[in-house]
Amino acid sequence: MLKGKKVVVAVTGSIAAYKSALIVRQLIKAGAEVKVVMTASSHDFITPLTLSTLSKNPVFSEFTSSKESGTWNNHVDLGLWADIMLVAPTTANSLSKMASGESDNFMMAVYLSAKCPVYIAPAMDLDMYKHPSTKENIEKLVSFGNVIIYPGSGELASGLEGEGRLAEPEDIIEFIERDIKSKQPLFGKKVLITAGPTHEALDPVRYIGNRSTGKMGFALAQIASEMGAEVTLVAGPVSLKTPNSSVNRIDVISAKDMFEAVTNEFSNQDVVIMAAAIADYTTLNYSDSKIKKKEGDLSISLKRTTDILAHLGENKTNQTLVGFALETNNELENAKGKMERKKLDFIILNSLNDKGAGFAGDTNKISIIDANNKVTQFELKSKFEVAADILNYLSQNH
Ligand code: CTP
């Protein structure tokens, strides 16, 4: 969740400021890029050197870094740089300033400039925490859209016991990760994606297959998982790596295997996206031994496979069903026909007449047709960008 995220950690003057070293370390370990800002009074509790060493970046406390040379630290740039701002620990004083917008130090100017989600972890003595003005400041900060990481209970620096202890660093990191996850557009959705070709065996060494590489389906699985979905990827025989360890991958070979894998999972799913190129015909008589060559021609009889999407369309309860149509002629008409026959919520059309669309390559050009026959056209893009377009469309419309 935090990998590659730009995080501004703001440290204010509480004894709990020593915990900010652990917070910064854990953010770095989670793959975040961290810049620290400190209020002047926090320097009494932890040094800028500690936090700059751990964050691998200079620490800022003042508006100017060198008065003689007139160099200033740009609070606006820093606020806008951040994907996340975490104020930890937040004293009663800083809470009050943040609630009223009193910009009398560098940290406050960064906070007011930031457009990203701001997490606030208060730390103070229990009576200060219970004070109506503190409660009111917290309520006000929540109403501005800030997220409070509430303090825990326990022994306080004053020797008193009660609420006000800064949440533990690992709990703060976990809280932020959970919060980011819960705000993802596909959070809570179970999405099954099929990918790749199927192989229909003729004998132990031969099969009928197609040119699908699985790239489009794998890109969909990766982006759906990054958008917070719980992803099941049913993959035909392809040589692609599973996008990440949270994707549940089921490998299959034939159209029959794919039918079984998909129908086994179907009742648990919210969305099914069938990006696989499934054989429409399989061998009528599989030969247990290798077919030997003989004089003359060879004919092989084929029989129809089950249309998985059509089967799901007949049996769906409240799942969203998405199909792909790869067409060479009468594209729109054919795609619309498939959508109606298979009772889909929408269908993604790629035309082999469009350069860069279809199998094998790293790009695709699609149109999305919905159940009301509304057509949305997209430019030629990488398969990852196409996957993002499809999944954004899904999250906005279903
Ligand atoms: N599909 C399926 N089961 C099959 C064949 C296809 O679920 N046995 C799915 C594909 O994954 C795709 C959609 O149906 O999402 C359209 O597949 P396609 O083969 O293009 O359509 P068909 O209906 O088989 O039509 P045709 O072969 O005539 O183009």
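Please refer to the structure higher up on the page.
Residues numbered from 1 in each chain as written. Predicted model: local features only at pLDDT ≥ 70, side-chain atom pairs only at ≥ 80, totals over all residues. Heavy atoms only, no water.

(A) The nonpolar core, seen in detail. Ranked by internal contacts, the top residues of the largest apolar core, which has 34 residues, are Ile-193, Leu-220, Ile-273, Ile-390 and Leu-391. The set of elements that each furnish at least two residues to this core consists of β10 (190-195), α9 (215-226), β13 (230-235), β15 (271-274), β18 (320-327), β19 (346-351) and α13 (383-397). Per-element tally for this core: the top contributor is α9, with seven residues. Excluding anything up to four places from it in sequence, Leu-391 contacts Leu-186, Leu-220, Ile-223, Ala-224, Met-227 and Ile-273. Counting 31 residues, the second largest nonpolar core, distinct from the first, contains Leu-2, Val-7, Ala-88 and Tyr-119. (Core = buried A, V, L, I, M, F, W, Y, C linked by side-chain atoms within 4.5 Å. Buried < 20%, exposed > 50% of the residue type's maximum accessible area, 1.4 Å probe, protein only. Helix = DSSP H or I, 4+ residues; strand = E, 2+ residues; numbered from the N terminus. Contact = heavy atoms within 4.5 Å.)

(B) Here's a closer look at the packing of aromatic side chains. Applying the stated criterion across every chain yields a total of four aromatic pairs. Seen in terms of ring centroids, Phe-60 and Phe-106 are 6.2 Å apart; in terms of plane orientation they differ by 55°. Their pairing is tilted. Within this pair, whereas Phe-60 is found in the loop between α2 (48-55) and β3 (64-66), its partner Phe-106 is found in helix α5 (residues 106-113), the two being separated by 46 residues in sequence. Phe-60 gets classed as partly exposed once you look at its relative accessible area, which sits at 22%. Taken together, a centroid distance of 5.5 Å and an interplanar angle of 80° make the contact between Phe-63 and Phe-106 edge-to-face. On the criterion of sequence distance, the pair formed by Phe-63 in the loop between α2 and β3 and Phe-106 in helix α5 is long-range, its members being 43 residues apart. Overall, Phe-63 belongs to the partly exposed group, its relative accessible area being 32%. With relative accessibility at 1%, the residue Phe-106 sits in the buried group. A connected cluster of aromatic rings, assembled from ring pairs, spans Phe-60, Phe-63 and Phe-106. (Phe/Tyr/Trp six-rings, centres within 6.5 Å; stacked < 30°, edge-to-face > 60°.)

(C) How the structure looks around the pattern of salt bridges. Overall, the coordinates contain 14 salt bridges when judged by the stated rule. The shortest N-O distance in the salt bridge between Glu-314 and Lys-343 comes to 2.9 Å. In this pair, Glu-314 is assigned in helix α11 (residues 308-315) and Lys-343 in the loop between α12 (331-341) and β19, connecting sequence segments 29 residues apart. When its relative accessible area of 54% is taken as the criterion, Glu-314 is described as exposed. (Salt bridge = Lys/Arg side-chain N within 4 Å of Asp/Glu carboxyl O.)

(D) Highlighting the sheet that holds strand β2 (residues 33-38). Strand order in the open sheet formed by five strands is β2-β1-β5-β6-β7, with parallel pairing between adjacent strands. The open sheet has two free edges, formed respectively by β2 and β7 (147-148), since each of these has just one partner strand. Where strand β1 (residues 6-11) lies against strand β5 (residues 84-90), four bridges are found, and the strand directions are parallel. Looking across to β5, one finds that Val-7 is bridged to Ile-84. (Pairing = 2+ DSSP bridges.)

(E) Fine view of the environment of Val-37. Tracing the sequence through the fold places Val-37 in strand β2. Contacts of Val-37, omitting those with residues within four sequence positions, involve Val-8, Val-9, Ala-10, Val-11, Phe-60, Leu-78, Phe-106, Met-107 and Val-110.

(F) Summary view of the packing of helix α4 (residues 92-100) against helix α7 (residues 132-143). Taken N-terminus to C-terminus, the directions of α4 and α7 make an angle of 45°; their axes are 9 Å apart at the nearest point. Relative to α7, α4 is oriented oblique. Once α4 is placed against α7, the crossing between them reads as left-handed. Across the interface between the two elements, Leu-95, Ser-96, Met-98 and Ala-99 of α4 pack against Thr-134, Asn-137, Ile-138, Lys-140 and Leu-141 of α7. For the contact of α4 with α7, a count of residues per class yields five nonpolar, three polar and one charged. (Axes fitted to C-alpha atoms, helices over the stretch in contact; angles between N-to-C directions. Parallel < 35°, antiparallel > 145°, perpendicular 65-115°, else oblique. Left-handed = near helix turned anticlockwise from the far one by under 90°. Nonpolar A, V, L, I, M, F, W, Y, C, P; charged D, E, K, R; others polar.)

(G) Structural context of α5. Of all eight residues making up α5, seven are buried, and the element is well covered by its neighbours. Of the residues flanking the start of α5, the one acting as N-cap is Asn-105, its side-chain oxygen 3.2 Å from the backbone nitrogen of Met-107. (Polar contact = N/O pair within 3.5 Å; in protein donor to acceptor, adjacent residues only side chain to side chain.)

(H) Broad picture of a nonpolar patch on the surface. The grouping of Ile-208, Tyr-281, Leu-298, Ile-300 and Leu-302 at the surface amounts to a nonpolar patch, some 470 Å² of accessible area in total. Along the chain, Tyr-281 falls in strand β16 (residues 281-283). (Patch = residues over 30% accessible without salt bridge, like charges linked within 9 Å, V, L, I, M, F, W, Y side chains within 5 Å. Areas by Shrake-Rupley, 256 points an atom, 1.4 Å probe, with all protein chains shown as cover.)

(I) Region of the structure containing α11. Of all the positions in α11, only Ile-308, Leu-309, Leu-312 and Gly-313 are classed as buried. Burial along α11 is one-sided: seen end-on, the buried residues are contained in an arc of 140°. Tucked inside the fold, the buried residues of α11 contact α10 (255-266), β15 and β18. (Arc of directions from axis to C-beta.)

(J) Geometry of the site of the ligand. Surveying the vicinity of the ligand reveals 14 residues, the closest of which are Met-274, Ala-276, Leu-309, Lys-338 and Lys-342. Within the backbone of Ile-308, one N or O atom sits 2.9 Å away from a nitrogen atom of the ligand. One nitrogen or oxygen atom from the main chain of Leu-309 is found 2.8 Å from an oxygen atom belonging to the ligand. Protein burial of the ligand: of its 570 Å² of free accessible surface, 77% is covered by the chains. With respect to the pocket detection grid, the ligand is positioned in the largest pocket. (Near = heavy atom within 4 Å. 1 Å grid on protein atoms, 1.4 Å probe; cavity = no way out; pocket = protein on both sides within 12 Å on 5 of 7 lines; lining within 4 Å. Sits in = over half its atoms within 2 Å of the grid points.)

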